[in-house]
Amino acid sequence: MRAMTYRGPYKVRVEEKDVPTIEHPNDAVVRVVRAAICGSDLHLYHGMMPDTRIGHTFGHEFVGVVEKVGSSVRNLQVGDRVMVPFNVYCGTCFFCARGLYSNCHNVNPNATAIGGMYGYSHSTGGYDGGQAEYVRVPFADVGPSKIPAWLDDDDAVLMTDALATGYFGAQIADVVEGDTVVVLGAGPVGLFAARSAWLMGAGRVIVVDQLEYRLAKAREFAYAETRNYNEHDDIVVELKKATDGLGADRVIEAVGAEADGNLTQHITAAKLKLQGGSPVALNWAIDAVRKGGTVSVLGAYGPLFSAVKFGDAMNKGLTLNMNQAPAKRQWPRLLEHIQAGYLRPSDVVTHRFPLEHIAEAYHVMSSKLDGCIKPLIIPSED
Amino acid sequence: MPYTAAKPPLPETPDELRARIPGWGADLDTANRPQVPRERSDLPNGAHWELPERQPETYPRERSIEHEMLTPVFGTAQPPHGLSGAIRRYSYERFSEARAAHWLLLIAADRVDAAGAHLRSLATLRPDNPITETGVLSELRRHPVASRRGRTDVRHQLLDPLIVAGPWIVGGVAVLAAVRALRRRV
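Residues numbered from 1 in each chain as written. Chains lettered and ligands numbered in written order. Predicted model: local features only at pLDDT ≥ 70, side-chain atom pairs only at ≥ 80, totals over all residues. Heavy atoms only, no water.

1. Digging into the overall build of chain A
Piece 1. Looking only at helices and strands, chain A features eleven helices and 17 strands.
Piece 2. In terms of overall dimensions, chain A has C-alpha extents of about 60 × 45 × 40 Å along its principal axes.
Piece 3. Residues counted as buried form 72% of the 382 residues belonging to chain A.
Piece 4. Of the contacts formed within chain A by residues at least 6 apart in sequence, a portion of 72% connects residues at least 24 apart.
Piece 5. Total accessible area computed for chain A in this model is approximately 10900 Å², and 51% of it derives from carbon and sulfur atoms. (Helix = DSSP H or I, 4+ residues; strand = E, 2+ residues; numbered from the N terminus. Buried < 20%, exposed > 50% of the residue type's maximum accessible area, 1.4 Å probe, protein only. Contact = heavy atoms within 4.5 Å. Areas by Shrake-Rupley, 256 points an atom, 1.4 Å probe, with all protein chains shown as cover.)

The structure is reproduced here in structure tokens:
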């Protein structure tokens, strides 16, 4: 089969690989019809995530058609059209039993601090991802769901991470009616978080980014006020001024390790890999939220320590909520919202690439060229 | 303003927001939110096992020393090999996830793996091609100048060659100095 493969920092290509096989009785093999590149794939692409091995296939956002099932699979059949949450999880360990699917203890021998994910290095279990013609899906009875007939593949693929994560971010921000919510980052997850904050009754939503085309999308798609941090000497002061000196009730950090607002952080984090990522956005969140407020962290960071302003968080009495989203937990509610016409996930898609053009897709996404917000990869058609 | 108790008024009323924003307030009631309560034991999930059947271990699978056993299911995407594999195995066997050494060794192994793969590729019919594999050929079709206007990261990118090449140059000079010093002694 043809699959995207990692060849070292900033280098990927398409290679011929063996079609995945059933390695466990509850595995399925899925033929991928849509995959996406996620902002957090860029951490792998830039060589920031430990134990990213040459030959690894990225891609934790994908949907497809079931091609093969293992002997103990009961809930899926060959030919089913399925969406697969980005989390690999067993359903019954201590953590899964409590709904913490992203923290499953039975799928990632390489670490206990993080669960399993498709195509996200050996630090998350060593599973090849879905930017390929076929992918192995463990625990096929637990993770995947059949895609409702009325839902388009382009919308379904965004359910597998970006939309579910954005919605989850607004939930764990504990938004209540009338809250002022600041969202840092206007990528797909930030846009979905902003939109979700309205569903939860926010009174005001402000999105911060440095790219004008993304801010335009935040105004149009997420109905948000926007701030370009490059237009302000100090974005935290600007946000404080915009919120009557109080600070926002909730700040959602949807940036993660690739933040680039400060030269020292750029060197130590992005280039020398001595931090788990640049915590610029995280520190802005801590500074811009009001005392007693909540910071919700969706941005992905590496496992190394980061220079986070923890003292300010403590002194301000903040609540810091964070996790990888247990994507499937959000699906029933999100499907209701999509069906009700409250949002259409594929509105954030800007680019489509055949799998053979994966190097170009990564370059465009990584360098934020051509107005790119969300690129889809098409390994095969329905 | 924060010097008095009242919360500042919102620019729009709930009715105005409801009229302007599709679905505004649909999840006002926190009980409607899937993540409430955060830890729930009543969620159906399709699992029909207490402890999943164990996937066969076809090679000595590396694992964190914080795990008591190899997890029932695991990825087999790229088994460790060569020098990078030795570094990875040492990191997994010696250091817990709490130690920076664990992660820094894994990142070092990644670099060794990348350099080794690049060298090996030169002996194949399809050597690594830094032009096609970085996707840089797409630049001209993708509005390279307009896309980068006014961005913070672009200012930093000008320094990147120095930051990336600098340690190599300093390292090379240090090795040269060490060799010279050794020669003088001999």
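That shown, we press on.
2. What to know about empty space enclosed by the protein
All names here are of chain A.
Piece 1. Per the stated rule, a full pass over the model turns up two cavities of 30 Å³ or more.
Piece 2. Taken as a whole, the largest cavity encloses approximately 80 Å³ of empty space.
Piece 3. Around the largest cavity sit 15 residues that line it, and Met-48, Met-49, Gln-275, Gly-276 and Gly-302 are the ones nearest its centre.
Piece 4. Per-class residue counts for the lining of the largest cavity are nine nonpolar, five polar and one charged.
Piece 5. Counted as a void, the second largest cavity has a volume near 40 Å³.
Piece 6. In terms of lining, the second largest cavity is formed by Val-84, Pro-85, Asn-87, Val-88, Tyr-89, Tyr-118, Pro-138, Phe-139 and Gly-143. (1 Å grid on protein atoms, 1.4 Å probe; cavity = no way out; pocket = protein on both sides within 12 Å on 5 of 7 lines; lining within 4 Å. Points joined across faces, edges and corners; volume = space filled by probe spheres on them. Nonpolar A, V, L, I, M, F, W, Y, C, P; charged D, E, K, R; others polar.)

3. Examining the packing of helix H4 (residues 188-199) of chain A against helix H5 (residues 212-221) of chain A
Residues and elements named next belong to chain A.
Piece 1. At a minimum axis separation of 10 Å, H4 and H5 run at an interaxial angle of 25°. If you check the angle between H4 and H5, you find them roughly parallel. As H4 packs across H5, the resulting crossing turns out to be right-handed. Here Leu-191, Phe-192 and Arg-195 of H4 lie close against H5, whose contacting residues are Arg-214, Lys-217, Ala-218 and Phe-221. (Axes fitted to C-alpha atoms, helices over the stretch in contact; angles between N-to-C directions. Parallel < 35°, antiparallel > 145°, perpendicular 65-115°, else oblique. Left-handed = near helix turned anticlockwise from the far one by under 90°.)

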